[in-house]
Amino acid sequence: MFNEIEFTCNGNLTRVKIEPHWTLLHLLREGLGFTGTKEGCGSGECGACTVIVDGLAVNACIYLAVEADGKDITTVEGLADADGTLHPLQQSFVDNGGIQCGFCTPGMLMSAKALLDDTPAPDETQIKEALAGNICRCTGYVQIFDSVKAATGESREDIRVVAWKDNDERR
Amino acid sequence: MNKFEYLVPQTLDEAVSMYDAHGDQAAYIAGGTDIVVKMKEYKISPGYIISLKHVLPRSEPQRDRETGELTLAASVTHRMIENSALIKNEYPILHDAIGNIGSVQIRNVATIGGNLVNAVPSADGVIPLIALDAGVNIYGAKGKRSLALVHFFTGPGQNVLEKGEILVDIVIPPQLPHTGSAYHKFGRRKAMELPMLGVGVLLSLEERTRRCARARVCLGVAAPTPFRALGAERFLVGKKIDDAVLQEAGTIAAEESQVRDSIRGVAWYRREMVAVLVRRMGQKCLERIKTTSEKA
């Protein structure tokens, strides 16, 4: 049995047929090809699958795709500009050594993005709390916190989502 | 995860009748952070998932001006409770507990009703609600019923809900003046951890004599279900609360605990820590009473 759902994904209105037992992660990766979002533990412990749903960071691996109906979803693919210019947060991770193997990075970025959208100038505790559900096994937490902190210096206007549009030739 | 059919009832009655129609094949879902994990691990494989998203209103925690009762809809997320200024200022014990459950990602989705219905001995949200004398409203095929939350749990993962019944909301009665409350989640790391112990204490003092008018000492992971250490509570009531009294109350609470060895901690250590944490939370209650009366 299929359910039809409609939601906004990185700025594009998306209408898809899904099966009810699909997770949002399965839909994003296998259905829509947004493989930037990773599957780590698959049980909501590690945060590698973090995406933003209606402004809130959620674990896509334990979020049913049917529940995405009518929602506004941002994945890591929605961060950079269409011309490839990195989002200030992404650039900050590059500049501050916030990336080692990179597997946790999309989740880290999305948790950090959700934080900064809500709290543009977070303190150290707020950053740590926001990223508490994201595990990095290269143990680069210090650099990751530094990366987020450095990005908070950007003005609010700079921290924005520019999604790939439907007519983007890279799609 | 096995396949299932996804049903979206619009009313409580519709949800209950859908459940009745599918019997053991049905399961309710709210936030889904527990049930989806169980389905992915094939611990349960319901054929029908009934979403409660339209059935239970997701409203902010609200206090009735006339009765002073605080109502938490079962579908309120942990994050909504954590971010509520009302909860933070006036029900600090709940704020203490909720902000340390899971991660931001989990708290954004997981509901307080789900935390209760799952009935795991380590549920952090439960202890402060018991300390606050919360009651729960339940709806099912036979109609509505209410009971005190402390009587809701019957064993690890077990509660009084009959098949098809839905936890609708949680009601906290008005608190006495000069009340302080505090909760401590005791574990080995701060984030993404289930507690080795959960200790909640609530103290109300008489205005004039400053003696204890009401005491609640609630413990999690110290028995098969969350429970009130009634002996410790009886000991506290009527006394002037100081460190020695709190120390003795902690010792009594430790004796009342039915702690056990598990992967998260051994029994003797848990028992010792019950005594320590009951005393510390009692001290925190007194500090909070002092801060509140200084503000007033």
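Quick notes on the rules
Residues numbered from 1 in each chain as written. Chains lettered and ligands numbered in written order. Predicted model: local features only at pLDDT ≥ 70, side-chain atom pairs only at ≥ 80, totals over all residues. Heavy atoms only, no water. Domains from an automatic or database assignment. Contact = heavy atoms within 4.5 Å. Buried area = accessible area lost by both parts, 1.4 Å probe. Salt bridge = Lys/Arg side-chain N within 4 Å of Asp/Glu carboxyl O. Helix = DSSP H or I, 4+ residues; strand = E, 2+ residues; numbered from the N terminus. Buried < 20%, exposed > 50% of the residue type's maximum accessible area, 1.4 Å probe, protein only. Polar contact = N/O pair within 3.5 Å; in protein donor to acceptor, adjacent residues only side chain to side chain. Core = buried A, V, L, I, M, F, W, Y, C linked by side-chain atoms within 4.5 Å. Nonpolar A, V, L, I, M, F, W, Y, C, P; charged D, E, K, R; others polar. Pairing = 2+ DSSP bridges. Axes fitted to C-alpha atoms, helices over the stretch in contact; angles between N-to-C directions. Phe/Tyr/Trp six-rings, centres within 6.5 Å; stacked < 30°, edge-to-face > 60°.

(A) Representation of the domain arrangement of chain B. Splitting chain B by domain gives domain 1 (5–51), domain 2 (62–172) and domain 3 (179–295). Of note, the centres of domain 1 of chain B and domain 3 of chain B, computed from C-alpha atoms alone, are 37 Å apart.

(B) Focus on the interface of chain A and chain B. Taken together, the contacts link 29 residues of chain A with 22 residues of chain B. A combined buried area of about 2100 Å² lies between chain A and chain B, and 60% of that area is made up of carbon and sulfur atoms. We note a salt bridge from B:Lys3 to A:Glu19, for which the minimum N-O separation is 3.0 Å. Counting residues per element, the ones that place at least two in the side of chain A that touches chain B are β4 (56–59) and α4 (124–130) of chain A. At four residues, β4(A) tops the list of elements feeding residues into the side of chain A that touches chain B.

(C) Structural view of helix α2 (residues 88–95) of chain A. Residues and elements named next belong to chain A. For α2, every residue scored as buried is listed here: Pro 88, Leu 89, Gln 90, Ser 92 and Phe 93. Packed against the buried residues of α2 are α3 (105–118) and α5 (141–151). Backbone geometry just downstream of α2 places Gly 97 in the positive-phi region, at approximately 70 degrees.

(D) Region of the structure containing the side chain of B:Asn108. Tracing the backbone shows B:Asn108 in the loop between α6 (104–107) and α7 (112–118). Here A:Ala57 takes part through its backbone oxygen, which lies 2.8 Å from a polar atom of the side chain of B:Asn108. When near neighbours in sequence (up to four residues on either side) are disregarded, B:Asn108 contacts A:Leu56, A:Ala57, A:Val58, B:Thr77 and B:Arg79.

(E) Examining the pattern of salt bridges more closely. This structure, assessed with the given rule, holds 20 salt bridges over all chains. For the salt bridge of A:Lys128 with A:Glu124, the shortest nitrogen-to-oxygen distance reads 3.9 Å. Pair noted here: A:Lys128 and A:Glu124 are both in helix α4, with a separation of four residues, about one helical turn. Judged by its relative accessible area of 39%, A:Lys128 falls in the partly exposed class. With a relative accessible area of 35%, A:Glu124 lands in the partly exposed category. Residues B:Glu90 and B:Arg63 are paired through a salt bridge, measuring 2.8 Å at the closest nitrogen-oxygen approach. Residue B:Glu90 is located in helix α4 (residues 85–90), and its partner B:Arg63 is located in strand β4 (residues 62–63); the two are separated by 27 residues in the primary sequence.

(F) Structural detail: the nonpolar core. Formed by 51 residues in total, the largest nonpolar core has its most connected members in B:Leu72, B:Leu94, B:Leu116, B:Leu129, B:Leu149 and B:Ile172. Grouped together as the second largest cluster of nonpolar side chains are 37 residues, A:Leu24, A:Leu25, A:Leu28 and A:Cys61 included.

(G) Representation of unusual backbone geometry within the structure. Positive phi outside glycine occurs at A:Asn10, with the angle close to 50 degrees. Here A:Asn10 is to be found in the loop between β1 (3–9) and β2 (12–18). Taking the relative accessible area as the measure of exposure, A:Asn10 reaches 3% and is therefore buried. One non-glycine residue, B:Tyr42, lies in positive phi territory at about 60 degrees. Among the secondary structure elements, B:Tyr42 is positioned in the loop between α2 (35–40) and β3 (48–51).

(H) Expanded view of the domain arrangement of chain A. All names here are of chain A. When cut into domains, chain A gives domain 1 (1–78) and domain 2 (81–171). On the side of domain 2, 19 residues touch domain 1, which itself brings 22 residues to the contact. When domain 1 packs against domain 2, the two sides together hide about 1600 Å² of surface, and 59% of this comes from carbon and sulfur. Sorting the residues of domain 1 by area buried against domain 2 places Asn 12, Ile 52 and Val 76 first, and these three jointly supply 29% of that buried surface. Run the count over domain 1 and domain 2 and you get three residue pairs in polar contact (both at pLDDT 80 or more). Its residues assigned to classes, the side of domain 1 that touches domain 2 comprises seven nonpolar, 11 polar and four charged.

(I) Fine view of the sheet that holds strand β5 (residues 72–74) of chain A. All names here are of chain A. The strand order across the open sheet formed by five strands is β2-β1-β5-β3-β4, and the pairing between neighbours is mixed. In this open sheet, the two edge strands, each paired with only one partner strand, are β2 and β4. Along the sheet, successive strands turn relative to each other by an average axial angle of 40 degrees, direction set aside. Sheet analysis places strand β3 (residues 50–53) next to β5, joined by two bridges and oriented antiparallel. Its bridge partner being in β5, Val 53 is matched across the sheet by Ile 73. Contacts from α3 reach β3, β4 and β5, with the element oriented near 30 degrees to β3.

(J) Focus on the pairing of strand β13 (residues 212–220) of chain B. All names here are of chain B. Among the nine residues that make up β13, eight are buried, leaving the element largely enclosed by the rest of the structure. As defined by bridge partners, strand β12 (residues 197–205) adjoins β13 across eight bridges and the pair is classed as antiparallel. Counted as the bridge partner of Leu 203 is Ala 215 from β13. Linking two consecutive strands that pair antiparallel, namely β12 and β13, is a turn of six residues; a positive phi of about 60 degrees is found at Arg 210 within it. Counted along the chain from β13 to the antiparallel partner strand β14 (residues 227–228), the turn is six residues long, and its residue Val 221 has a positive phi close to 60 degrees.

(K) View of the side chain of A:His21. One can find A:His21 in the loop between β2 and α1 (24–31). Under the relative-accessibility criterion, A:His21 is labelled buried at 14%. Contact partners of A:His21, with chain neighbours within four places excluded, come to B:Met1, B:Asn2, B:Lys3 and B:Phe4.

(L) Examining the packing of aromatic side chains more closely. Residue and element names in this part refer to chain B. Taken as a whole and assessed by the stated rule, the structure comprises five aromatic pairs over all chains. Ring geometry for Tyr 19 and Tyr 28: centres 4.8 Å apart, planes at 35 degrees, overall tilted. Judged by relative accessible area, which is 13%, Tyr 19 ranks as buried. The buried category is assigned to Tyr 28, whose relative accessible area is 16%.

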